[in-house]
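Next come the chains, spelled out residue by residue.
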Amino acid sequence: MAIYNKRYEIKKGKGQLLDRIDAFLGKLGKKKHAIRYAIVDVKKDKLEIEATILED
Amino acid sequence: MDEFIIAQIVPTGVGAEIGGYVGDATPATNILASIADKVIAHPNVVNAVTMEMARENVLYAEGYTIDRLFRGEIALREVRSNRIGVVLDCGSEDKESTDMAINTIDAVRTVKGVDVIDVVRTEKPVGGRAVRTKAGAFVGEIKDPWTYLKPAGKLVKEGAEAIAVSTVIKIDPRDLQEYFKGKCPNPYGGTEAIISHSVTRKYGIPCAHAPLLTKKEMFSEMFSGIVDARAGAEAISPAYLGCVLEGLHKAPRIIERKMAEEGDITREHLSAVVLPASCMGGVPALAAEKYGIQIIAVEENRTVMDVTAEKLGLKNVITVKNYLEAAGVVAAMKEGIDPKAARRPIRKSL
């Protein structure tokens, strides 16, 4: 088990940001859990997310 | 009518002008708490080394817990007190570090009557380290969380209802000096958050972290000259466990949503969340937007971030200049008065 931070980019898109980010981070794999995240940068059509990942 | 409950969030490690040091968001939080019936705040908002001066109606809830509350996954149940277990990192070779921690625990036990059931040392150093991001904020990294999760589990089996973890965090001394001058975010916060998040996630009980300083760090902090006023509490004492034990003493218990009973606090009880205007990218703000909880964005609480409601297209936001104005909005909301009715110009109905 380890805990580290990683940045991801997702498209801004439509719909609730909470749902979209949860859906994206939910696809990281069974062993990776985003225990904390925040949008850290907002670009024209993308969002940069910094997540703290707990990896089993 | 239900109680008027709000959340007060100041993200850690982002250099918040108010709350980015040690307990310096306490006055603003207490002003909000003098109006709201309850304020849910995470430890970093009110932790001030030996002092935890939040009003009685400020509920001390770890960040991961607050995220889950906003998602609707859990409820919070107020308690008279918690039995607390302490995990102490073996990573400092200095006897003075352990002596300071134990003396702090004993001080809180004997002066405040906090029930600390046991202190367990890690078998290996936790080895946490602070990492500075591109944005200038601080996050943390832990190679092996089991170093503190295992002793935390032992304490839970012994009956601990809350866990305090005190570890050595590797910080670049230059960052620390810059922090004391008020020129950089608190380097500890990000690492502390991930430690407490992971304990709460694993065991479902309140947790908070206190840095464990080496003898050299203790000396350096206490004799740094006159520091930024907001870091004053750190310059007078290295007894960080004090505020954490005081906070965990009455931290609300975490109840799975389906087990919530009358009197427990759920997402549906939250009327507003107060946040720095440049930090709208976390779960509380995004969930508040989704579930219609009023967001109050405080402009004066500048941070190194630039993630505003406008950039994210959040609609459910009242932007205020400072926490005094935020308090006014909270007072209006509690009375059922539209805050806009006290401002000019006022929108015409037709």
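Residues numbered from 1 in each chain as written. Chains lettered and ligands numbered in written order. Predicted model: local features only at pLDDT ≥ 70, side-chain atom pairs only at ≥ 80, totals over all residues. Heavy atoms only, no water.

## Considerations on the overall build of chain A
Part 1 of the argument: When helices and strands are counted, chain A shows one helix and three strands.
Part 2 of the argument: Helices (α) and strands (β) of chain A occur, in sequence order from the N terminus, as β-α-β-β.
Part 3 of the argument: Compactness check: chain A gives a C-alpha radius of gyration of 11 Å against a globular reference of 10 Å for 56 residues, within 12% of the reference.
Part 4 of the argument: Projecting the C-alpha coordinates of chain A onto the three principal axes gives extents of approximately 35 × 20 × 15 Å.
Part 5 of the argument: With an accessible surface of roughly 3000 Å², chain A has 50% of that area assigned to carbon and sulfur atoms. (Helix = DSSP H or I, 4+ residues; strand = E, 2+ residues; numbered from the N terminus. Rg over C-alpha atoms; globule rule 2.2 N^0.38 Å. Areas by Shrake-Rupley, 256 points an atom, 1.4 Å probe, with all protein chains shown as cover.)

## Things to note about the packing of helix α1 (residues 17–25) of chain A against helix α11 (residues 283–291) of chain B
Part 1 of the argument: Direction vectors running N to C along α1 of chain A and α11 of chain B enclose 125 degrees, while the axes themselves pass 8 Å from each other. Judged by the inter-axis angle, α1 of chain A sits oblique to α11 of chain B. Two secondary-structure elements touch here, α1 of chain A through Leu17, Leu18, Asp19 and Ile21 of chain A and α11 of chain B through Val283, Leu286, Ala287, Lys290 and Tyr291 of chain B.
Part 2 of the argument: Tallied by class, the residues present in the contact of α1 of chain A with α11 of chain B amount to seven nonpolar, no polar and two charged. (Axes fitted to C-alpha atoms, helices over the stretch in contact; angles between N-to-C directions. Parallel < 35°, antiparallel > 145°, perpendicular 65-115°, else oblique. Contact = heavy atoms within 4.5 Å. Nonpolar A, V, L, I, M, F, W, Y, C, P; charged D, E, K, R; others polar.)

## With respect to the sheet that holds strand β2 (residues 38–41) of chain B
All names here are of chain B.
Part 1 of the argument: Spatially, six strands are ordered β5-β2-β1-β15-β16-β17 in an open sheet, and the strand pairing comes out parallel. The two strands at the open ends of the sheet, each matched to only one other strand, are β5 (58–60) and β17 (317–320). Here the strands of the sheet are splayed against their neighbours by 25 degrees on average, with no regard to which way each runs.
Part 2 of the argument: Relative to β17, strand β16 (residues 294–298) runs parallel, the two sharing four bridges. The residue bridging Ala297 from the neighbouring strand is Thr319, located in β17. (Pairing = 2+ DSSP bridges.)

## Here's the deal with the packing of aromatic side chains
All names here are of chain B.
Part 1 of the argument: Summed over all chains, the structure comprises five aromatic pairs over all chains.
Part 2 of the argument: Measuring from centroid to centroid gives 6.4 Å for Tyr188 and Tyr240, while their planes differ by 50 degrees, and the two rings are tilted. You can see Tyr188 sitting in the loop between α6 (173–180) and α7 (189–203) and its partner Tyr240 sitting in the loop between α9 (232–236) and α10 (241–249), a full 52 residues away along the chain.
Part 3 of the argument: Residue classification places Tyr240 among the buried positions, given a relative accessible area of 6%. (Phe/Tyr/Trp six-rings, centres within 6.5 Å; stacked < 30°, edge-to-face > 60°. Buried < 20%, exposed > 50% of the residue type's maximum accessible area, 1.4 Å probe, protein only.)

## Remarks on the pattern of salt bridges
Residue and element names in this part refer to chain A.
Part 1 of the argument: Evaluation of the coordinates by the stated rule reveals 34 salt bridges over all chains.
Part 2 of the argument: Glu48 is paired through a salt bridge with Arg7; the nearest N and O atoms lie 2.5 Å apart. Note that Glu48 is positioned in strand β3 (residues 46–55) and Arg7 in strand β1 (residues 2–11), a separation of 41 residues in sequence.
Part 3 of the argument: On the accessibility criterion, Arg7 (25% relative accessible area) is partly exposed. (Salt bridge = Lys/Arg side-chain N within 4 Å of Asp/Glu carboxyl O.)

## Notes on empty space enclosed by the protein
Part 1 of the argument: All chains considered together, the criterion is met by five cavities of 30 Å³ or more.
Part 2 of the argument: Size it by volume and the largest cavity reaches roughly 660 Å³.
Part 3 of the argument: Considering the residues around the largest cavity, the lining is formed by 45 residues, among which Arg36 and Ala38 of chain A together with Pro11, Thr12 and His197 of chain B are closest to the centre.
Part 4 of the argument: In terms of residue class, the lining of the largest cavity is made up of 24 nonpolar, 15 polar and six charged.
Part 5 of the argument: Quantified by volume, the second largest cavity comes out at close to 130 Å³. (1 Å grid on protein atoms, 1.4 Å probe; cavity = no way out; pocket = protein on both sides within 12 Å on 5 of 7 lines; lining within 4 Å. Points joined across faces, edges and corners; volume = space filled by probe spheres on them.)

## A word on the packing of helix α1 (residues 26–33) of chain B against helix α13 (residues 323–335) of chain B
Residues and elements named next belong to chain B.
Part 1 of the argument: Close contact between α1 and α13 brings their axes to 9 Å; oriented N to C, the two are set at 15 degrees. Accordingly, the angle class assigned to the pair α1 and α13 is roughly parallel. Between α1 and α13 the crossing geometry is right-handed. Contacts between α1 and α13 involve Ala28, Ile31 and Leu32 on the former and, on the latter, Tyr323, Leu324, Ala326, Ala327 and Val330.
Part 2 of the argument: Its residues assigned to classes, the contact of α1 with α13 comprises eight nonpolar, no polar and no charged. (Left-handed = near helix turned anticlockwise from the far one by under 90°.)

## A look at the interface of chain A and chain B
Part 1 of the argument: Each side of the interface is counted separately: chain A has 27 residues, and chain B has 35 residues.
Part 2 of the argument: Three residues, Met1, Leu18 and Arg36 of chain A, lead the burial of chain A against chain B; their summed loss comes to 26% of the area buried on that side.
Part 3 of the argument: Taken together, the links from chain A to chain B amount to two salt bridges.
Part 4 of the argument: In terms of residue count, the dominant contributor to the side of chain A that touches chain B is strand β2 (residues 32–42) of chain A (nine residues).
Part 5 of the argument: For the side of chain A that touches chain B, the class distribution of residues is 15 nonpolar, four polar and eight charged. (Buried area = accessible area lost by both parts, 1.4 Å probe.)

## Considering α6 of chain B
Residue and element names in this part refer to chain B.
Part 1 of the argument: All of the buried residues along α6 are Asp175, Leu176, Tyr179 and Phe180. Buried residues along α6 cover an arc of 135 degrees about the axis, so they all sit on one side.
Part 2 of the argument: Buried residues belonging to α6 abut β9 (128–132), β10 (138–141), α8 (215–222) and α9.
Part 3 of the argument: Gly182, located one to two residues past α6, shows a positive phi value of around 80 degrees. (Arc of directions from axis to C-beta.)

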